[in-house]
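# A look at the structure
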Amino acid sequence: MKKITIGLILLGLVLAAVCAASADTAAVPAETGTGVTVIHAGEWAAQFPDIYASYMANGEDDEVVEYTEEYPFIKTIYEPYGFATHYGSARGHYYCVQDLLATGRPHPMANCFTCKTADFTAMTLNDGDSAYSVPFESIDPTGFDDVGCFTCHANEPGTTITVTHTYLTAAMGDDFGSVPAETLSCAQCHVEYYFAPDGKMTTLPYTSHASANPDDIYEYYDAMAFSDYTNPRTGVKQIKAQHPEFETFTGAGSFHGGQFNCATCHMERVTNADGQTYLSHKYVTPLTSESVRAAGNCAACHGDLEGFVRGRQEQVMTRVVAIGQKYETLTDRLADAVASGKYTDEELADIRELNRKGQWYWDFVFVENSNGAHNLALATNCLDKAELFADAALLLLDELEK
Ligand code: HEC
Ligand code: HEC
Ligand code: HEC
Ligand code: HEC
């Protein structure tokens, strides 16, 4: 990086900004209560053969890592939540519905379909919030799309992006029009969310783009005394973060966050045998895609993009593991303190609070799918807080046990 001149950086940024601006089209929010019927992906195959084939090619991204084996300490951190016993890594969109049906975690309500299929999205558009609490078992997923064209385009595939997930439109408020359409299309699912305690609607924990950051989200949850689970041994009421790619990539400190959109790095423009170009809907990473790197002119500034990104990911993930192990130790020690019966809830309150808060910041990085690539500054900031809170809690335990 040091070899490049400031001038080159500025030129590149200006060019990239111009390209990004010309490609950006505003998204439109989907209409509700219209009794819409989903036109399924397969029905678009004849009109958009290349895009349909690329969409189906997401099936090639089929590897799953079982996180409870790769990161054994999460069995303690997430105890007794479902993620402590089964937590498969993400794979291609092609597997959304089958992976949901196969998960070893319990899912009592239809809201679990929120980020898997447009067929459920249409139910929420037609029936409103009541769709979210329909019993899971009452839904027959035969013929459901995995994601589906409808999710991002409603029934008009093309350059217009329609945001069909109404909770995202609500969460963006007045900022809806200022976030690139391509980014909003992914933010329908690659976000932090929770199920509202009343009504079980899928909801995002913010009301503007500016408040979509780990600090404000924590305060939002804290203000409503929200927790996903309580550790039975320590009594800590914990919050489980989920895939906050949108908040991380567009958040403070992201070097390219204000300049690129999700499609810049994850969707390729491809030329077919007839010489026509189309936008591939098979999601790739810039590390493996020559086409993305050429279109984004990455090499102008990143001589070795893969080495640069892998180095940062290793730096982040090494800390994620070390701090995760710290929370395992903290959980076990706090559990022993509780089991000893020697201390009052009042004496343990600060330690529990530090554990709750620190694990949230740790989780925000652990569950973000880029492993630190999207925003090193944000990841580092979260991990610093997580480490500080774990150390402080362990120190308080030392004091207590003296
Ligand atoms: C996860 C979101 C998402 C899904 C699902 C999706 N698309 Fe797209 N699509 C996009 C984005 C983002 C663009 C780029 C929009 C723009 O031009 O700004 C796009 C662009 C397009 C275009 C314009 C192509 C071009 O070359 O510029 C067509 C046509 C299209 N999509 C068809 C489809 C079809 C058919 C399906 C289902 C098989 C589908 N899309 C599913 C996000 C999606
Ligand atoms: C309807 C919800 C939804 C939308 C919209 C969506 N995704 Fe996804 N995405 C998922 C789910 C769910 C998975 C995990 C699927 C599985 O493991 O079965 C996933 C997985 C992925 C993966 C694979 C991750 C891995 O570890 O292999 C990539 C890459 C990805 N999405 C990128 C995108 C991009 C880029 C967009 C926007 C253009 C987008 N997604 C829009 C729900 C969505
Ligand atoms: C500047 C380029 C860039 C932009 C823009 C970008 N990403 Fe990424 N993304 C990356 C890199 C680099 C990785 C790590 C890839 C790897 O490890 O191979 C990644 C990884 C991911 C993954 C995990 C993929 C996998 O196979 O494990 C998902 C999901 C993802 N990004 C979604 C998004 C979403 C959603 C957005 C928009 C909010 C976005 N990205 C914007 C560069 C980008
Ligand atoms: C005009 C120069 C320039 C271009 C073009 C450029 N980058 Fe960057 N990129 C940078 C600089 C500078 C940084 C910050 C480096 C640092 O923090 O040491 C950076 C950071 C990144 C990061 C880490 C982001 C973060 O906030 O932690 C990723 C990932 C990345 N670039 C990917 C890409 C990809 C992919 C492309 C092409 C689509 C690209 N870059 C194009 C200059 C550029």
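Nothing here was measured: the structure is a model prediction, and the numbers come from that model.

Before going further, it helps to spend a moment on the coordination of the iron atom of ligand 1. In this structure, His153 (NE2) and His281 (NE2) serve as the protein donors to the iron atom of ligand 1, at separations of 2.0 to 2.1 Å. One can describe the donor arrangement at the iron atom of ligand 1 as octahedral, given that its six donor atoms subtend angles of 86 to 179 degrees at the metal. You can see His153 sitting in helix H7 (residues 150-153) and its partner His281 sitting in the loop between strand S8 (277-279) and helix H13 (290-296), a full 128 residues away along the chain. You can call His153 buried: its relative accessible area is 12%.

All right, on to the packing of aromatic side chains then. Throughout the structure, instances matching the rule amount to 29 aromatic pairs. Between Tyr194 and Tyr220, the aromatic rings sit 5.8 Å apart at their centres with planes inclined by 65 degrees, giving edge-to-face as the arrangement. With a gap of 26 residues between them, Tyr194 in strand S3 (residues 194-195) and Tyr220 in helix H10 (residues 214-223) connect regions that are remote in the sequence. Seen in terms of ring centroids, Tyr194 and Phe226 are 5.2 Å apart; in terms of plane orientation they differ by 65 degrees. Their pairing is edge-to-face. Remark: Phe226 occurs in the loop between H10 and strand S5 (229-230) and Tyr194 occurs in strand S3; sequence separation between them is 32 residues.

Right, let's talk about the site of ligand 4 for a bit. Residues in contact with ligand 4 amount to 24 residues; listed here are only the nearest, His256, Cys298, Cys301, His302 and Arg312. In this structure, His256 approaches ligand 4 through a side-chain N or O atom, which is 2.8 Å from a nitrogen atom. Note that an oxygen atom of ligand 4 is positioned 2.6 Å from one of the side-chain N or O atoms of Arg312. Every element with two or more residues in the shell around ligand 4 is listed here: helix H1 (6-23) and helix H14 (305-340). A total of four residues in the shell around ligand 4 trace back to one element, the largest contributor, which is H14.

To continue, consider the layout of surface pockets. When its volume is computed, the second largest pocket comes out at roughly 200 Å³. Around the second largest pocket, the lining comprises 15 residues; the ones closest to its centre are Asn213, Pro214, Gly251, Ala252 and Leu378. Mapped onto the lining of the second largest pocket, the elements with two or more residues apiece are H10 and helix H16 (376-401). Sorting elements by how many residues they give to the lining of the second largest pocket places H16 first, with four residues. Residues of the lining of the second largest pocket, tallied by class, amount to seven nonpolar, five polar and three charged.

Right, let's get into the coordination of the iron atom of ligand 2. Only His93 (NE2) and His190 (NE2) from the protein reach the iron atom of ligand 2 as donors, at distances of 2.0 Å. Coordination at the iron atom of ligand 2 is octahedral, judged from the six donor atoms that bind it and the angles of 86 to 179 degrees they form at the metal. Here His190 lies in the loop between helix H9 (181-187) and S3 and His93 lies in the loop between helix H4 (74-77) and helix H5 (96-102), a separation of 97 residues in the sequence.

Before going further, it helps to spend a moment on H10. Residues Pro214, Ile217, Tyr218 and Tyr221 constitute the buried set of H10. All buried residues of H10 fall inside an arc of 100 degrees around its axis, so they share one side. In H10, the exposed residues that point more than 90 degrees away from the buried face are Glu219 and Ala223. Here the buried face of H10 lies against S3, helix H11 (245-249), helix H15 (345-366) and H16. Of the residues that open H10, the one with a side-chain oxygen 3.1 Å from the backbone nitrogen of Asp215 is Asn213. One or two residues past the end of H10 sits Ala225, with phi positive at roughly 50 degrees.

So, about the environment of Gly324. By secondary structure assignment, the location of Gly324 is in helix H14. Residue classification places Gly324 among the buried residues on the basis of a relative accessible area of 0%. Residues Gly324 and Gly251 lie 73 residues apart in sequence; the distance between their C-alpha atoms is 23 Å. When near neighbours in sequence (up to four residues on either side) are disregarded, Gly324 contacts Phe73, Ile77 and Trp362.

Between H14 and H16, the least distance of the axes is 10 Å, while the angle of their chain directions is 25 degrees. As judged from the angle between their axes, H14 and H16 are roughly parallel. The crossing of H14 and H16 is left-handed. Within the contact of H14 with H16, the residues separate by chemical class into 16 nonpolar, two polar and nine charged.

A few words on the packing of H14 against H15. Packing of H14 against H15 brings their axes to within 10 Å, and their N-to-C directions diverge by 155 degrees. Compared by their axis directions, H14 and H15 come out roughly antiparallel. At the point where H14 passes H15, the crossing takes the left-handed sense. On H15, the residues touching Val316, Val320, Ile323, Gly324, Tyr327, Leu330, Thr331, Leu334 and Val338 of H14 are Leu348, Ile351, Arg352, Leu354, Asn355, Gly358, Gln359, Trp362, Val365 and Phe366. Along the lines of polarity and charge, the residues of the contact of H14 with H15 split into 13 nonpolar, five polar and one charged.

In this section: empty space enclosed by the protein. Taken as a whole and judged by the stated rule, the model has three cavities of 30 Å³ or more. If you go around the largest cavity, the residues you meet are Thr248, Phe364, Val365, Glu368, Ser370, Asn371, Gly372, Ala373, His374, Asn375, Leu378 and Ala379. When residues of the lining of the largest cavity are traced back to their parent elements, those giving at least two are H15 and H16. The residue inventory of the lining of the largest cavity, partitioned by class, reads five nonpolar, six polar and one charged. A volume near 40 Å³ is recorded for the second largest cavity. In terms of lining residues, the second largest cavity is bounded by Thr114, Phe120, Thr121, Thr124, Tyr132, Thr164, His165, Thr166 and Tyr167. Taken together, the elements giving at least two residues each to the lining of the second largest cavity come down to helix H6 (118-127) and helix H8 (166-172). Broken down by element, the residue count for the lining of the second largest cavity peaks at three residues, all from H6.

Rules of the game
Every residue gets a number counted from 1 within its own chain, in the order that chain's sequence is written. All chains are assigned letters beginning with A, and all ligands numbers beginning with 1, in the order in which they are written. Only residues with pLDDT of 70 or above have their local features reported here, since the model is predicted, and side-chain atom pairs are shown and tallied only from 80 upward, although totals for entire chains, interfaces and linings are computed over all residues. The basis for every side-chain value is the complete set of non-hydrogen atoms in the structure, without hydrogens or water. In this listing, donors mean N, O and S atoms no farther than 2.8 Å from the metal, or 3.2 Å for Na, K and Ca; water is missing from the atoms, so a site can look incomplete. The geometry test gives tetrahedral to four donors whose angles all lie between 85 and 135 degrees, gives square planar to four donors and octahedral to six donors whose opposite members are over 155 degrees apart with all other angles between 65 and 115, and gives irregular to the rest. Each helix is a run of H or I in the DSSP string that is no shorter than four residues. Each strand is a run of E no shorter than two, and both are numbered from the N terminus. Throughout, exposure labels follow a simple rule: accessible area from a 1.4 Å probe, protein chains only, divided by the maximum for the residue type, with under 20% read as buried, over 50% as exposed, and the rest as partly exposed. Any Phe, Tyr or Trp ring, taking Trp's six-membered ring, that has another such ring centre within 6.5 Å forms a pair; planes under 30 degrees apart are called stacked, those over 60 apart edge-to-face, and the others tilted. Here a residue counts as near a molecule or strand whenever at least one of its heavy atoms sits within 4 Å of it. In the analysis that follows, any N or O atom pair within 3.5 Å is treated as a polar contact, provided that within protein one partner can donate a hydrogen and the other can accept it, and provided that, for residues neighboring in sequence, both atoms belong to side chains. A pocket, in this scheme, is an open set of points on a 1 Å grid over the protein atoms alone with protein on both sides within 12 Å along at least 5 of 7 lines, while a cavity is a set where a 1.4 Å probe fits but cannot get out; residues line either one if an atom lies within 4 Å of a point. Grid points are joined across faces, edges and corners, and a volume is the space filled by probe spheres set on the points. When residue character is reported, Ala, Val, Leu, Ile, Met, Phe, Trp, Tyr, Cys and Pro are called nonpolar, Asp, Glu, Lys and Arg charged, and the others, Gly included, polar. Arc, as used here, means the arc of the directions from the helix axis to the C-beta atoms. Whether two residues touch is decided by their heavy atoms; if any such pair falls within 4.5 Å, the residues are in contact. Where helices are involved, their axes are fitted lines through C-alpha atoms of the stretch in contact, as for all axes, and angles between N-to-C directions lie from 0 to 180°. Any angle between 65 and 115 degrees counts as roughly perpendicular, while under 35 counts as roughly parallel, over 145 as roughly antiparallel, and the rest as oblique. A clockwise turn of the near helix away from the far one marks a right-handed crossing, whereas an anticlockwise turn of less than a right angle marks a left-handed crossing.

On their own, these measurements won't tell you what the molecule is for.
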